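# What the coordinates show
Letter by letter, the chains look like this.
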Amino acid sequence: MVRYYLERIAGARHLNAFLEVYETEALEKARELDARISRGETLGPLAGVIVGNKDVICYKDHKVSAASRILEGFTSLYSATAIERLLAADAIIIGSLNCDEFAMGSTNENSAFGPVLNALDTTRVPGGSSGGSAVAVQAGLCHVSLGSDTGGSVRQPADFCGIVGLKPTYGRISRYGLIAYASSFDQIGIFGRNIADVAAVLQVIAGPDEFDSTVAQQEVPDYQLSPAHNKSYKIAYLKDALYHEGLDTEMRAAYTGFFEELETAGNTVTAADFAYLDYVVPAYYVLTTAEASSNLSRYDGVKFGHRTAEKNLDLTEFYKKSRSEGFGKEVKRRILLGTFVLSAGYYDAYYTKAQQVRRLVVDKLSEILSQYDAILMPTVPCTAFKIGEKTEDPIAMYLADIYTVLANLAGVPAISVPLRRHSNGMPFGVQIITKQFDEANLLNIADHVMQMNSVKPSIVD
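What you see is a predicted model, and the numbers here were worked out from it, not measured in a lab.

### Quick look at the packing of aromatic side chains
In the structure shown here, the tally under the stated rule is 19 aromatic pairs. Measuring from centroid to centroid gives 5.8 Å for phenylalanine 274 and tyrosine 276, while their planes differ by 90°, and the two rings are edge-to-face. Members of the aromatic cluster, joined through ring pairs, are Phe102, Tyr299, Phe304 and Phe327. A cation over an aromatic ring shows up here: arginine 358 above the ring of phenylalanine 185, its NZ or CZ 4.0 Å from the ring centre. Lysine 390 extends its terminal NZ or CZ atom over the ring of phenylalanine 385, reaching a point 4.6 Å from the ring centre.

### A look at the sheet that holds strand β3 (residues 92–97)
As summarised here, the arrangement of the eleven strands in space is β1-β3-β2-β4-β6-β5-β10-β11-β9-β7-β8, forming an open sheet in which the pairing is mixed. The open sheet has two edge strands, β1 (18–21) and β8 (268–272), and neither has a second partner. The sheet shows a mean angle of 30° between the axes of neighbouring strands, direction not considered. Bridge count between strand β2 (residues 50–54) and β3: five bridges; the pairing is parallel. Counterpart to isoleucine 50 in the pairing with β3 is isoleucine 92.

### Focus: the pattern of salt bridges
Counted under the stated rule, the structure contains 17 salt bridges. Across the pair glutamate 32 and arginine 36 runs a salt bridge whose closest N-O atoms are separated by 3.8 Å. Of this pair, glutamate 32 and arginine 36 both sit in helix α2 (residues 23–38), four residues apart, roughly one helical turn. With a relative accessible area of 14%, arginine 36 lands in the buried category. A salt bridge links aspartate 121 to arginine 124, with the nearest nitrogen and oxygen atoms 3.0 Å apart. Classification of arginine 124 by relative accessible area gives buried; the value is 12%. Among the charged side chains, a salt-bridge network with shared partners connects Lys29, Glu32, Arg36, Arg39, Glu41 and Asp90.

### Let's talk about a nonpolar patch on the surface
Taken together, Phe74, Leu77, Tyr78 and Phe304 make up a surface patch of nonpolar side chains, about 390 Å² in accessible area. Inspection of the secondary structure assignment puts tyrosine 78 in the loop between β2 and α3 (81–88).

### A few points about the side chain of serine 68
For serine 68, the location among the structural elements is in the loop between β2 and α3. Note on serine 68: relative accessible area 0%, which makes it buried. In this structure the side chain of serine 68 is engaged in a polar contact, spanning 3.5 Å, whose partner is the backbone oxygen of glycine 326. Once residues lying within four places of it in the same chain are set aside, the contact partners of serine 68 are Glu101, Phe102, Ala112, Phe113, Gly326 and Phe327.

### Comments concerning empty space enclosed by the protein
Enumeration over the complete set of coordinates arrives at two cavities of 30 Å³ or more. Estimated volume of the largest cavity: approximately 80 Å³. Looking at the largest cavity, it is lined by 13 residues, and the ones nearest its centre are Gly105, Ser106, Ser153, Tyr284 and Asp401. Each pocket or cavity is described by its volume, and for the second largest cavity that value is around 30 Å³. Lining the second largest cavity are Val56, Ala103, Ser148, Thr150, Leu178, Ile179, Tyr181 and Asp186. A class-by-class count of the residues in the lining of the second largest cavity yields five nonpolar, two polar and one charged.

### Quick look at unusual backbone geometry
Each neighbour pair has its own omega, and for glycine 128 with serine 129 the value is 5°, a cis peptide bond. Tracing the chain through its elements places serine 129 in the loop between β3 and α4 (131–138). In this model, asparagine 16 sits at a positive phi of 60°, which is unusual for a non-glycine residue. Secondary-structure assignment places asparagine 16 in the loop between α1 (2–11) and β1. Positive phi, close to 65°, is recorded for aspartate 61, a residue that is not glycine. Along the chain, aspartate 61 falls in the loop between β2 and α3. Aspartate 61 sits in the exposed class, given a relative accessible area of 59%.

### Side note on helix α12 (residues 347–369)
Within an α-helix, residues lying three or four positions from one another point in the same direction, as the helix has 3.6 residues per turn. Here α12 is 23 residues long and its end C-alpha atoms lie 32 Å apart, about the 33 Å a rise of 1.5 Å per residue gives. Looking only at α12, the buried set comprises Tyr351, Ala354, Val357, Arg358, Val361, Val362, Leu365, Ile368 and Leu369.

### What about the pairing of strand β9 (residues 374–378)?
Most of β9 sits inside the fold, with five of its five residues counted as buried. By the bridge criterion, three bridges tie strand β7 (residues 234–238) to β9 in an arrangement that is parallel. For alanine 236, the partnering residue across the bridge sits in β9 and is isoleucine 375. Pairing analysis gives four bridges linking β9 to strand β11 (residues 427–433), with the strands arranged antiparallel. Residue proline 378 lies in a different strand from β11, and its bridge partner there is valine 430.

Rules behind the numbers
Residues numbered from 1 in each chain as written. Predicted model: local features only at pLDDT ≥ 70, side-chain atom pairs only at ≥ 80, totals over all residues. Heavy atoms only, no water. Phe/Tyr/Trp six-rings, centres within 6.5 Å; stacked < 30°, edge-to-face > 60°. Lys NZ or Arg CZ within 6 Å of the ring centre and 35° of its normal. Pairing = 2+ DSSP bridges. Helix = DSSP H or I, 4+ residues; strand = E, 2+ residues; numbered from the N terminus. Axes fitted to C-alpha atoms, helices over the stretch in contact; angles between N-to-C directions. Salt bridge = Lys/Arg side-chain N within 4 Å of Asp/Glu carboxyl O. Buried < 20%, exposed > 50% of the residue type's maximum accessible area, 1.4 Å probe, protein only. Patch = residues over 30% accessible without salt bridge, like charges linked within 9 Å, V, L, I, M, F, W, Y side chains within 5 Å. Areas by Shrake-Rupley, 256 points an atom, 1.4 Å probe, with all protein chains shown as cover. Polar contact = N/O pair within 3.5 Å; in protein donor to acceptor, adjacent residues only side chain to side chain. Contact = heavy atoms within 4.5 Å. 1 Å grid on protein atoms, 1.4 Å probe; cavity = no way out; pocket = protein on both sides within 12 Å on 5 of 7 lines; lining within 4 Å. Points joined across faces, edges and corners; volume = space filled by probe spheres on them. Nonpolar A, V, L, I, M, F, W, Y, C, P; charged D, E, K, R; others polar. Expected span 1.5 Å × (residues − 1).

Everything listed is a geometric property; what it means functionally is a separate question.
Here it is, written out as structure tokens:
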């Protein structure tokens, strides 16, 4: 199996999904598992599962760069808790996956090591920031992969690539070993071809961790119970999301038709008002850039990161030169924006106001989810767009996150599953949101939705 995936990876180098492939190590692990099988030993629950790892999740003695020149060549001194748990479950990690620099981006065009290409149409973006993780599953280069989701960075590329992408509740999976972008938003997520695979990985990596003070202490339920497909659900859709002017009209018609199918199948589907939709993107970018400004201050060429080769600089010039050389354009933009909103005279006008909006969003979503099993809404407003199409318009790029940032602001779990094919040939999905720590219900509903879908995951042969 490892050789099969290594051959596929070698044949898909043009997609630029992998930054590094652990060929020798993966084969050694496979031989070890084969030997244990021949001896009749009991193996872990993920024995033989081939996993790709986003280049923001630390793996001891392996390079981790967050797809940035500022960390180029850096070798991790420890493994993230999620990686430790995968290895303990006998999973085989086959390589590190390309992404937007420091997980900042929606297209995977911001990597210092070049863009990732969508395997369904290499002229189009795969989404971001976990574009490499999505394409690795989409192109059949691994069974499952890990990504990170700060504002949609698992669900949006899953949608663009026609696969499944899960962002769990904030705190459900330990963030220990995840390179920070915005600490109150970041969450490790999972890409897969089906709900069962995603549930199996979540089962292993979720749960308390002494190394992460923000991780939830709740017991991890059994996510792999047989889904109850004979159950009917009470579902809400956000009217403001479905009829937002930014949503592609063909996609709107598909969602409306699918909601009718859900009702015909015995579910209750009701429109719910959510008046804050146009405020979620501004609030999200104020808060996340503020946190990024703080988190990325450590990369200064002294404590961490690229150090300029120029000599005879004073300390301020040394910092400026090192960071200017090491960070890419999008990361610089977000650091500058975050520093601005935290500055004296603007803190209350922007940062405090954004926190107040976040509170309103949390309360309103909680109110809706207390009355319904789940919320269904678009994952993105359009299908995967052409490479370079939005790079010169950062506002248009940011507004593409309008449907995904909601779950991150509120800290609730959300999943994107494939739904239909657009007339342009590209897939698009539907996003499902449930209340905090209700992943078991989320996965059941997602499986129910996938059974009804006319489009199955887009695995490219």
